[in-house]
Amino acid sequence: MAIEIPCAHCGPRPYTEFRFGGELRPLDAPDAEADFARVFLPENPAGPQEERWFHALGCRTWSAVTRDTRTNGVG
Amino acid sequence: MGSIRFEGRDVSFTDGDTVASALFRDGVRTFSRSLKYHRRRALYCGTGDCPNCLLTVDGTPAVHACQAPCADGMEVVRPHGWPSTERDLLHVTDSLHRLMPVGFYYKTFITPRFAWEIAEKMIRRATGLGALPPTTAAERSVVRYVRADVLVVGAGAAGLDAARDAAAAGERVIVCDESPIGAAIAPGAALDRVRALEAEVRAIPEITVLDGHTAVGIYEGLEVPLVADRELVRVHPERVVVATGAAEIHPVFPGNDLPGVWLGRGAARMAGVHGVRPGDVAVVVAGTEEGLAHLETLRASGVRIAAVAVPTALADRVPEGSGEVVVDGVVHEAHGGKSLSSVVLRRGTEGKRFDCDLLVLSLGLAPRDGLARMALPGEAVELVGDAAGPDATPPNGHDGTVCLCEDVSLHDLRQAWDEGFRNAEILKRYTTTTMGPCQGAMCGRALTCFARDRNGAPAGDVAAPFAAAARTTARPPARPVTLESLAAAVHELIDKRTSLHDVHVAAGARLDRSGGWLRPFTYGDWRDEYRAVRERVSVMDVGTLGKFTIGGPDASMLVDRMFPCRTDDLAAGRTRYVLSLDEAGYVMDDGLLCAVADGTYYLTSTSGGAARADARLRDLADRMSLDVHVLDRTAQWGAINVAGPHARDLLERLSDVPIDASSVPYPGFADVTVAGVPCRAVRTGFVGELAFELHHPRSRGPELWEALVREGAAWDLRPHGLDALELLRLEKGHVYLGQDTMPDDTPAKLGMSWAVSMDKEWFVGMRALERLAELPVTRKLVGLELDGAPADVADVRGAPLLVGGAMVGRVTSAERSIALDRAIGLGWVRASDAGFPSVLDVSGHAGARARVVPTPFYDPNGERLRG
């Protein structure tokens, strides 16, 4: 509810200013099978996850954030 | 001094009175009726923990009367019972107790089906904690965000101590309490100490004291919302100190909810703080030293003590004249009708009855640790004082009320156990024990104690949260929260307006919400607006479109990778229709891409998709490490679409250069000056006529619009809104993304493979389209002609399409075409083994049939829009 996202440009800001960009995945995959997994089979870990956040109500830059999905702790 | 209004009469109060003490002094004994069995409930805990004194105060239901200070003219009512709380005929349900087992609703009203309809009305009337006000709150709660180094929850001795120490260490401190400071503390040394600490703490500038502010939960972050009258304070502390203290233990024995049975602190406060004797003749059960202090307070107020039950260790500390001392005595049963009349104390197997009208129970402390248990492991949440103390729950008796809020007895728990609910968590869910307003403050420990006794000791090899007798999970809210608090800071919807808003209003337009904007739907007669576009000339405010400038050395790389069509062959001054796909190959948005002579691109997106388009462009640029700049000009630029056979004539009248097929070609654009306003004129085909979108600086919008309308009068210009646009674009077979499409539509399903170039090196969604290319397209969007449609063709929007009674599709858009004088539409259809159907029945409209036809319906070769 109250997590703060460390924006690369603005520093820590309330998550309500951001658009969630989901788990960080590679842009492309070598073949169709791998691409299917890339798009539809996210890791969805119970623990630290690399993810992307867009500071939509701020500087409009994307940041990579490591968030623990169990505790919402970000680093 | 003053008086409160209580159920139609005045009740006077003195300084320091709570609503509960004023009413009690006035002779009120029944404060509420229990939820199911309508048993009389009276003052019990006196510390804001139990549900017994929940009254409606000034229209707010479920206010703890024992914690609410009196104010002159306050309106107080007891919401329970029928016809009144005092004489409640529904009390009859108490004698039917055995006929109303746990899960009564679900077991009893299954058949016949209609029974529940009737029963529900009766049950809803008979239960509940009051009525919500029929209107919205007169005032809105505001929300405040506050940062602090430390938030101390609970302003008792431990909390005030912790606040003082933190401030001395240089920390900024907020200390909150749900009640006025000291309102839940028994008189004597404890209260004196809190008063002294309060004076000290209030004088320290680094400490903010928020009494009357209830912490309702601990959320990750950390964040602790504090609910108060007319405000919600969202505190973001570095650490939280939970100093919520402890409630006195709620013991379970038959008759434990009779009026006249009090927890020690409640009785002591009534006698010692408010000066009202809680009863005349008392039995006191003092399991701790605190109980002996309460005994003193009661004796000093003139209560006669019939008996005192104490453990051996305290036996010689009972003062003379305290009636019979029963060493190691426990309460076996309490008896009474409307209120307590006698108590049976037992020692071993030997029982003795004492006549009394007051039973005071002080058996030790049950820490209020609910808030702290909401914290995740590793979070900076610390329990101090009594809240951190040990549990000292005595074993349950042979029957009695476990859960005061939900009226659950030990008998009910046994029955649930016998039905197979053999774990504290599922006993809770099945019987609703701990799920009432007190959130387990009274009954939580009795419940786990029951599960423990039945199960033996908790199994060591079971993970703690799943152990049968583990404490049930603590979740927010810890205290009742009003809807007003939940709605704090929820504002009206914000509608974006274009620069032409006032012009539309002055023209009498009907404005409504669309894609986050307030837009004109019609200026009166949408069919006339339609005809203006098809036959004469018209203007439409399209300033809502997403508008972007993309520049920098890698601008061409970004657009090439972003869009599935070729962009490398787009010459300066030319535009191209672009789809935008996500990684799964699904169509997210569409727009026009304009190649500007200086190497930059100008891009438009749909009105509702602008924010997402911005995010997606920047995402791709970032992930590909491209050297580009994306400038969102949506709010900076306005746009007016000038459409119709005379569109060019109108523009030429207002421009100093010719607007012909070479200066503004199709599909292309040019920067021109119209009516003195610098414009980027973009040729478009959405409405199917000769059309120019004039993108211009927002501030110049009104003058441009007014010049167009003024000069357009020569061709009887009418502005058009979204109603006319709906038919204009439908006749051209153009889809509205979101209305005609589904979330998983690929270009092939929409019949738009022409907008995809699979021989490109790479674009977003390309791999997915490669994968899908090997699969047959089993669903697609098609044009429909509707035969036998109802007079208002729009009625069939959304109707299922059937073949042989089976649903194989759905109508997404439908309207009567004015140009063709036929009912037309768009819809999706699914293929069967025999291929795609060509004729379908329209469900819900007898006799209506849909034929699949090619689109566009109107001007299929696009001769008019090339003009």
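Since we're looking at a predicted model, the values are computed, not measured.

(A) Examining helix α8 (residues 289–300) of chain B more closely. Residue and element names in this part refer to chain B. When the terminal C-alpha atoms of α8 are compared, their 17 Å separation across 12 residues agrees well with the 16 Å that a helix rising 1.5 Å per residue should span. Of the surrounding secondary structure, the elements contacted by the buried residues of α8 are α7 (264–272), β16 (281–286), β17 (304–310) and β22 (358–362). Following α8 by one or two positions, G302 adopts a phi angle in the positive range, close to 100°.

(B) View of the nonpolar core. All names here are of chain B. Membership of the largest hydrophobic core comes to 143 residues, with the highest contact counts inside it found for V19 and L359. Non-local contacts of V19, meaning those with residues more than four positions away in its chain, are made with I4, L55, V57, A65, A68, C70 and V76. Counting 100 residues, the second-largest nonpolar core is a separate cluster that includes L650, V674, A681 and A850.

(C) Examining the sheet that holds strand β4 (residues 48–54) of chain A more closely. Taken in spatial order, the three strands make up an open sheet running β3-β4-β5 (chain A), and their pairing is antiparallel. Either end of the sheet is taken by a strand with one partner, and the two such strands are β3 (19–23) and β5 (62–68) of chain A. Sheet twist, expressed as the average angle between the axes of neighbouring strands with direction ignored, equals 35°. As paired strands, β4(A) and β5(A) are joined by seven bridges and run antiparallel to one another. The residue bridging W53(A) from the neighbouring strand is S63(A), located in β5(A). Along the sheet, helix α17 (residues 610–623) of chain B makes contact with β3, β4 and β5 of chain A, crossing β5(A) at roughly 85°.

(D) Structural context of the environment of T544(B). All names here are of chain B. Mapping T544 onto the fold places it in the loop between β29 (538–541) and β30 (546–551). With 22 C-beta atoms packed within 10 Å, T544 lands in the buried category. Taking C-alpha positions, T544 is 9.8 Å from I640, a pair spaced 96 residues apart along the chain. Setting aside residues no more than four positions away along its own chain, T544 makes contact with T498, G515, W517, R519 and S607.

(E) Focus on the confidence of the model for chain B. Residues and elements named next belong to chain B. Put simply, chain B has an average pLDDT of 91, and 96% of its residues get 70 or more. Taken as a whole, residues 458–466 scores under 50 in pLDDT and shows nine contacts with residues more than four places along the chain or in a different chain. Scored by ipTM, the complex comes to 0.96, with pTM at 0.72.

(F) Inspection of the pairing of strand β33 (residues 601–605) of chain B at higher detail. Residue and element names in this part refer to chain B. When you tally the buried positions in β33, you get five out of five residues, the bulk of the element. Residues Y601, L603 and S605 point to one face of β33 and Y602 and T604 to the other, with burial holding for every one of them. In the sheet, β30 pairs with β33 via five bridges, with the strands oriented antiparallel. The partner of T549 across the bridge, within β33, is Y602. With antiparallel pairing between neighbouring strands as the criterion, strand β32 (residues 587–595) and β33 make up a hairpin whose turn holds five residues, including G599 at a positive phi of roughly 90°.

(G) The interface of chain A and chain B, seen in detail. Contact with chain A, which involves 18 residues of that partner, is made by 22 residues of chain B. Of all the secondary structure elements, the ones that give two or more residues to the side of chain A that touches chain B are β3 and α1 (32–40) of chain A. The element that contributes the greatest number of residues to the side of chain A that touches chain B is α1(A), accounting for four residues.

(H) Highlighting the sheet that holds strand β2 (residues 9–13) of chain B. Residues and elements named next belong to chain B. Taken in spatial order, the five strands of this open sheet run β2-β1-β7-β5-β6, and their pairing is mixed. The two strands at the open ends of the sheet, each matched to only one other strand, are β2 and β6 (60–64). Put simply, the sheet's adjacent strands are angled 40° from each other on average, direction ignored. Relative to β6, strand β5 (residues 54–57) runs antiparallel, the two being bridged by three bridges.

(I) Quick look at the packing of helix α5 (residues 157–168) of chain B against helix α6 (residues 189–202) of chain B. Residues and elements named next belong to chain B. Between α5 and α6, the shortest axis-to-axis distance is 9 Å and the interhelical angle comes to 25°. Between α5 and α6, the angle is such that the two are roughly parallel. Considering how the two elements wind past one another, α5 and α6 form a crossing that is left-handed. Judged by residue contacts, A157, L160, D161, A163 and R164 of α5 engage A190, R193, V194, L197, E198, E200 and V201 from α6. Considering only residue class, the contact of α5 with α6 consists of seven nonpolar, no polar and five charged.

(J) Structural view of the packing of α7(B) against α8(B). All names here are of chain B. For the pair α7 and α8, interaxial distance at closest approach is 9 Å and the crossing angle is 30°. Here α8 runs roughly parallel to α7, going by the angle between their axes. Classified by chirality, the crossing of α8 by α7 is left-handed. Where α7 approaches α8, its residues G264, A267, A268, A271 and G272 are matched on the opposing element by E290, G291, H294, T297 and L298. Its residues assigned to classes, the contact of α7 with α8 comprises four nonpolar, five polar and one charged.

(K) Layout of unusual backbone geometry. All names here are of chain B. The amide bond that connects P476 to the next residue, P477, takes the cis arrangement and shows omega of -5°. Of note, P477 is situated in the loop between α12 (444–455) and α13 (483–486). The linkage connecting Y666 with the following residue, P667, adopts the cis geometry, with an omega of -5°. For P667, the location among the structural elements is in the loop between α18 (647–654) and β36 (669–674). Located in the positive-phi region is D407, a residue other than glycine, with phi close to 60°. Unlike most non-glycine residues, D716 shows phi in positive territory, near 60°. Here D716 shows up in the loop between α19 (701–712) and β39 (718–719).

What counts and how
- Residues numbered from 1 in each chain as written.
- Chains lettered and ligands numbered in written order.
- Predicted model: local features only at pLDDT ≥ 70, side-chain atom pairs only at ≥ 80, totals over all residues.
- Helix = DSSP H or I, 4+ residues; strand = E, 2+ residues; numbered from the N terminus.
- Expected span 1.5 Å × (residues − 1).
- Contact = placed C-beta atoms within 7 Å.
- Core = buried A, V, L, I, M, F, W, Y, C linked by C-beta atoms within 7 Å.
- Buried ≥ 20, exposed ≤ 12 C-beta atoms within 10 Å, placed from the backbone.
- Pairing = 2+ DSSP bridges.
- Axes fitted to C-alpha atoms, helices over the stretch in contact; angles between N-to-C directions.
- pLDDT = per-residue confidence, 0-100.
- Parallel < 35°, antiparallel > 145°, perpendicular 65-115°, else oblique.
- Left-handed = near helix turned anticlockwise from the far one by under 90°.
- Nonpolar A, V, L, I, M, F, W, Y, C, P; charged D, E, K, R; others polar.

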